[in-house]
Amino acid sequence: MTEQLRLMAVHAHPDDESSKGAATMAKYVSEGVDVLVVTCTGGERGSILNPKLQGDPYIEEHIHEVRKKEMDEAREILGIKQEWLGFVDSGLPEGDPLPPLPDGCFALQDVEAAAEPLVKLIREFKPQVITTYDENGGYPHPDHIMTHKISMVAFEAAGDPEKYPEAGEPWQPQKLYYNQGFNRPRTVALHEALLERGMDSPYGEWLERWKEFERRERTLTTYVPCADFFEIRDKALIAHATQIDPDGGWFRVPMDIQKEVWPTEEYELAKSLVDTSLPEDDLFAGIRNN
């Protein structure tokens, strides 16, 4: 390579980077790729999901600072760089009817205005590849959907000198992917592998819910082999202690089965300005040595 490869992963909250594409990022870091995670919000309205930490008054009162420290630890484990966009977590509205989103939150920002700090980071970091969420947010959290929206605007605008002239010299990324790690083929493969071995599967309910939602199957275009980095992924995820129960469903599939049955992380190529042939096994396919 005559030019440094750079990957930018745009995420909604601290912990999203460790549950979506973390093994891919660790693999690329090991190969000398420069990896930057952009975290749109501070996760201020996230629930404390680890039952061992629920009811802790310090954590409840200082959730923003606690989650920042967790992100610092995960960043070190993955070997990545990380930047905050500084928006405020919208929370996940629950109930029927759904309550209104809180004033000033990320999901209520003007999309064009909210994309500007991301454009600035793209122009500074100069990634050839960006990963983000699909139009459904991966799942319909308002911050994930907003992350998708600003990522799409920023990808198009970053290379246009007439857009956001105050945000630095133009830079055009070459490819944009949607994270699709939580896909049906992977879930089915792991579920069946566990049952074949006479083990309980944590995925039975997931698969039933999938039928309920009648979700459109996404097109998986890119399978990045990264099984050697699954342990690093899990370690980074556990660093987000308020969000992850180390004894929970995330970790119920033995590592050797994961590596044997499904040794990749998956992506959907959404935009490409370079020639590539599908399926790919590399987010930089068509960019390396061009």
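Our subject in this report is the structure included herewith.

### Regarding the side chain of Asp-134
Part 1: Mapped onto the secondary structure, Asp-134 falls in the loop between β4 (129-132) and α6 (142-157).
Part 2: The buried category is assigned to Asp-134, whose relative accessible area is 1%.
Part 3: Within the local environment of Asp-134, its side chain forms a polar contact with the backbone nitrogen of Asn-136, the two atoms lying 2.9 Å apart.
Part 4: Of note is the side chain of Asp-134, whose polar atom sits 2.9 Å from the side chain of Gln-180.
Part 5: Other than its neighbours up to four places away in sequence, Asp-134 contacts His-148, Tyr-178, Gln-180 and Arg-218.

### Some remarks on the pairing of strand β5 (residues 175-179)
Part 1: Within β5, five of the five residues are buried, leaving the element largely enclosed by the surrounding structure.
Part 2: Where β4 lies against β5, four bridges are found, and the strand directions are parallel. Bridged to Thr-131 within β5 is Tyr-177.
Part 3: Read from β4 through α6 to β5, the crossover connection turns out right-handed.
Part 4: By the bridge criterion, five bridges tie β5 to strand β7 (residues 264-272) in an arrangement that is antiparallel. Within β7, the position partnered with Tyr-177 by the bridge is Leu-269.

### Re the environment of Lys-259
Part 1: Structurally, Lys-259 can be placed in helix α10 (residues 255-261).
Part 2: Considered as a pair, Lys-259 and Ser-151 are 108 residues apart in the sequence and their alpha carbons are 31 Å apart.
Part 3: Lys-259 has contacts with Ala-227, Phe-230 and Glu-231, leaving out every residue within four places of it along the chain.

### Some points on the packing of aromatic side chains
Part 1: Using the criterion set out here, one finds five aromatic pairs in the structure.
Part 2: Between Tyr-28 and Phe-284 the ring centres are 5.3 Å apart and the planes differ by 85 degrees, which places this aromatic pair in the edge-to-face class. Here the residue Tyr-28 occupies a position in helix α2 (residues 22-30), and Phe-284 occupies one in the segment after β7, the gap between them amounting to 256 residues. Residue Tyr-28 shares its accessibility class with Phe-284, and that shared class is buried.
Part 3: Their ring planes at 75 degrees and their centres at 6.2 Å tell us that Tyr-177 and Tyr-267 sit as a pair that is edge-to-face. Pair noted here: Tyr-177 is in strand β5 and Tyr-267 is in strand β7, with a separation of 90 residues, a long-range link.
Part 4: An aromatic cluster of at least three residues, connected via ring pairs, comprises Phe-182, Tyr-203 and Trp-206.
Part 5: Positioned above the aromatic ring of Tyr-28, the side-chain terminus of Lys-27 is 5.9 Å from the ring centre.
Part 6: Sitting over the ring of Phe-230, Arg-233 keeps its end group 4.4 Å from the ring centre.

### Structural notes on the sheet that holds strand β6 (residues 222-225)
Part 1: Strand order in the open sheet formed by seven strands is β3-β2-β1-β4-β5-β7-β6, and the pairing between neighbours is mixed. Edge positions in the open sheet fall to β3 (81-87) and β6, since each of these has one partner strand only. Neighbouring strand axes in the sheet, compared pairwise and without regard to direction, differ in orientation by 30 degrees on average.
Part 2: Where helix α5 (residues 111-125) meets the sheet, it contacts β1 (6-11), β2 (34-41), β3 and β4, and its direction lies at approximately 165 degrees from that of β1.

### A few points about the pattern of salt bridges
Part 1: Considering all chains together, one arrives at 20 salt bridges under this definition.
Part 2: With a closest N to O distance of 3.7 Å, Lys-68 and Asp-72 form a salt bridge. Placement of the pair is Lys-68 and Asp-72 together in helix α4 (residues 63-78), with a separation of four residues, close to one helical turn.
Part 3: Its relative accessible area of 38% is what places Lys-68 among the partly exposed residues.
Part 4: The salt bridge partner of Arg-75 is Asp-72, with a shortest N-O separation of 3.0 Å.

### Here's the deal with the packing of α4 against helix α9 (residues 230-239)
Part 1: Contact geometry of α4 with α9 gives a least axis separation of 8 Å together with a crossing angle of 170 degrees. Judged on the interaxial angle alone, α9 and α4 are roughly antiparallel. Where α4 abuts α9, its residues Glu-70, Glu-73, Ala-74, Ile-77 and Leu-78 lie against Ile-232, Lys-235, Ala-236 and Ala-239.
Part 2: Its residues assigned to classes, the contact of α4 with α9 shows six nonpolar, no polar and three charged.

### Some details on the environment of Gly-104
Part 1: Note that Gly-104 resides in the loop between β3 and α5.
Part 2: Spatially, the C-alpha atoms of Gly-104 and Asp-15 are 22 Å apart, while their sequence positions differ by 89 residues.
Part 3: If sequence neighbours within four positions are ignored, Gly-104 has contacts with Val-88 and Gln-109.

The rules behind the values
- Residues numbered from 1 in each chain as written.
- Predicted model: local features only at pLDDT ≥ 70, side-chain atom pairs only at ≥ 80, totals over all residues.
- Heavy atoms only, no water.
- Helix = DSSP H or I, 4+ residues; strand = E, 2+ residues; numbered from the N terminus.
- Buried < 20%, exposed > 50% of the residue type's maximum accessible area, 1.4 Å probe, protein only.
- Polar contact = N/O pair within 3.5 Å; in protein donor to acceptor, adjacent residues only side chain to side chain.
- Contact = heavy atoms within 4.5 Å.
- Pairing = 2+ DSSP bridges.
- Right-handed = clockwise from strand over helix to strand, strands pointing away.
- Phe/Tyr/Trp six-rings, centres within 6.5 Å; stacked < 30°, edge-to-face > 60°.
- Lys NZ or Arg CZ within 6 Å of the ring centre and 35° of its normal.
- Axes fitted to C-alpha atoms, helices over the stretch in contact; angles between N-to-C directions.
- Salt bridge = Lys/Arg side-chain N within 4 Å of Asp/Glu carboxyl O.
- Parallel < 35°, antiparallel > 145°, perpendicular 65-115°, else oblique.
- Nonpolar A, V, L, I, M, F, W, Y, C, P; charged D, E, K, R; others polar.

Take it as geometry only, folks, not as evidence of what the structure does.
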